[in-house]
Amino acid sequence: MSQNTHKADAILKLTRSEALQGGKFKDFVTELIPVVCKSTSAHRASFWLYRSEKDEFEGIQSFDTESNRPSSGVAIDKPNFPTFIEQLKAKQFIYVESNDDSTEFEEFAIDYLLKNRLRSWACIQVWNDNRLFGILSVEWQAKKDFTDQDKLILLTGASMISQCYDALLRLKEDFLHRNEVSSLKGEEKEKEKLARKLSDHAFYTSHSIRHPLSTILALIDLIKLNWESRETYEELLQQLKIETMNLDDAIRVMTAKIELD
């Protein structure tokens with residue numbers, strides 16, 4: 001197995017994570033961050049939650065190769081990084097080096113990268129429900145050739161963070177709804193049951209089908225990046241076939257659910 005395929009396989013395995021499927025957000029981020037770190041050959045990977053009320057990005061989970069364990073607690077805030085905060089909110093991808101003296105990145109290069117003895121840093125925005133949810137970042141102690149493969153790993157990771165948070169919100173919504181329905185009677189209760197069935201179908205479509213579809217889209221991009229490597233191409237093509245079959249199974253289950261209801 002080629003190095004690129006090994007990296008791709010590690011991140012793609014997370015699409016079948018029980019924590020991802022079950023909406024266990026903290027557990028899934030703890031699973032994801034080390035994989036992103038190692039797959040991009042980074043010194044550290046982190047997920048930063050955007051706090052709109054403070055206009056800052058709070059470090060929720062980090063993993064670095066030296067301690068080989070997770071950590072949290074750092075923040076990128078407006079008082080210390082006023083210009084860089086605006087860039088984080090405006091750009092999907094950002095790549096910065098410690099010697100960057102551009103207006104947009106100079107303060108971050110000096111006050112974060114150099115102070116932490118870092119050479120390179122990159123991130124991707126994480127969106128959820130049409131709003132900025134956070135950023136997924138990686139950092140290196142040496143100069144990094146930030147490749148399309150690295151971008152794809154970040155893109156896949158960001159997508160899965162959003163999916164897991166969706167699942168968490170759904171679990172909370174279901175819990176509240178069950179309590180509400182239990183207090184209703186007669187016709188109102190039947191209407192609520194029907195509405196819940198429709199909502200369940202929509203949820204199944206957006207999650208059980210989206211997961212294999214997201215993996216398929218990532219695999220297609222990986223195939224494009226590894227087109228000249230026959231060995232890698234064949235391995236990725238086999239994975240693509242498996243995920244397509246998973247998508248077909250999900251559609252069959254959805255059809256059966258509709259017929260039973």
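## Points about the nonpolar core
Core analysis: the biggest nonpolar cluster contains 44 residues, and Ile11, Phe25, Val36 and Phe47 have the highest contact counts within it. Look past the residues within four positions of Phe25 in its chain and what remains in contact with it is Phe47, Phe133, Ile161, Cys164, Tyr165 and Leu168. Residues Trp48, Ile85, Ile94 and Tyr112 belong to the second largest nonpolar core, which totals 20 residues.

## What about the pairing of strand S6 (residues 120–128)?
Counting buried positions along S6 yields eight of nine residues, so the element is predominantly enclosed. Pairing geometry for strand S5 (residues 93–97) and S6, over five bridges, is antiparallel. Its bridge partner lying in S6, Val96 is registered against Trp121. Relative to strand S7 (residues 131–140), S6 runs antiparallel, the two sharing nine bridges.

## Let's talk about the confidence of the model for the protein chain
Mean pLDDT over the protein chain works out to 80, with 74% of the residues at or above the 70 mark. The least confident element of the protein chain is helix H7 (residues 186–207), whose mean pLDDT is 58; the most confident is S7, at 96.

## Regarding the packing of aromatic side chains
Tallying each qualifying case throughout the model produces 15 aromatic pairs. Between the aromatic rings of Phe25 and Tyr165, the centroid separation amounts to 5.5 Å while the plane-to-plane angle is 70°, which identifies the pairing as edge-to-face. Taken together, the residues Phe25 in helix H3 (residues 25–39) and Tyr165 in helix H6 (residues 148–181) connect sequence positions 140 residues apart. Among the residues examined, Tyr165 registers a relative accessible area of 18% and is labelled buried. For the pair Phe81 and Phe108, a centre-to-centre distance of 5.7 Å together with 65° between the ring planes defines the contact as edge-to-face. With Phe81 in the loop between strand S4 (75–76) and helix H4 (82–90) and Phe108 in helix H5 (residues 106–114), this residue pair connects regions lying 27 residues apart in the sequence. For the pair shown, Phe81 and Phe108 are each scored as buried. A network of ring pairs unites the aromatic residues Trp48, Phe81, Phe84, Phe105, Phe108, Tyr112 and Trp121 as a single cluster.

## Looking at the pattern of salt bridges
Taken as a whole and assessed by the stated rule, the structure comprises eight salt bridges. Ionic pairing is found between Asp55 and Lys78, a salt bridge with its closest N-O pair at 3.2 Å. Note that Asp55 is positioned in the loop between strand S1 (44–51) and strand S2 (56–64) and Lys78 in the loop between S4 and H4, a separation of 23 residues in sequence. Exposure remark for Asp55: the relative accessible area of 11% places this residue in the buried category. Overall, Lys78 belongs to the partly exposed group, its relative accessible area being 35%. Here the residues in one salt-bridge network are Asp55, Lys78, Glu86 and Lys89, joined through shared partners.

## Some words on unusual backbone geometry
The phi dihedral of Asp129 is positive, around 55°, even though this residue is not glycine. Relative to the helices and strands, Asp129 is located in the loop between S6 and S7.

## Remarks on H4
Turning to H4, its buried residues number three or more, namely Phe84, Ile85, Gln87 and Leu88. Along the long axis of H4, the arc covered by the buried residues comes to 160°, so they all point the same way. Turning to H4, the residues buried within the fold contact S2, S4, S5, H5, S6 and S7.

## Overview of the environment of Asp9
Within the secondary structure layout, Asp9 lies in helix H1 (residues 3–13). Each C-alpha atom of the pair Asp9 and Glu235 lies 9.7 Å from the other, and the pair is 226 residues apart in sequence.

## What about the pairing of S7?
Counted residue by residue, S7 has nine buried out of ten residues, so it is predominantly covered. When S1 meets S7, the two strands line up antiparallel, connected through six bridges. If you follow Phe47 over to S7, its bridge partner there is Leu136. What sits between the antiparallel neighbours S6 and S7 is a turn of two residues, in which Asp129 has the positive phi angle 55°.

## Thoughts on the side chain of Lys144
With respect to the helices, strands and loops of the structure, Lys144 is situated in the loop between S7 and H6. A polar atom in the side chain of Lys144 sits 3.2 Å from the side chain of Asp150. Discounting chain neighbours no more than four positions away, the residues touching Lys144 are Thr40, Tyr95, Glu97, Ser120 and Asp150.

Procedures and definitions
Residues numbered from 1 in each chain as written. Predicted model: local features only at pLDDT ≥ 70, side-chain atom pairs only at ≥ 80, totals over all residues. Heavy atoms only, no water. Core = buried A, V, L, I, M, F, W, Y, C linked by side-chain atoms within 4.5 Å. Buried < 20%, exposed > 50% of the residue type's maximum accessible area, 1.4 Å probe, protein only. Contact = heavy atoms within 4.5 Å. Helix = DSSP H or I, 4+ residues; strand = E, 2+ residues; numbered from the N terminus. Pairing = 2+ DSSP bridges. pLDDT = per-residue confidence, 0-100. Phe/Tyr/Trp six-rings, centres within 6.5 Å; stacked < 30°, edge-to-face > 60°. Salt bridge = Lys/Arg side-chain N within 4 Å of Asp/Glu carboxyl O. Arc of directions from axis to C-beta. Polar contact = N/O pair within 3.5 Å; in protein donor to acceptor, adjacent residues only side chain to side chain.

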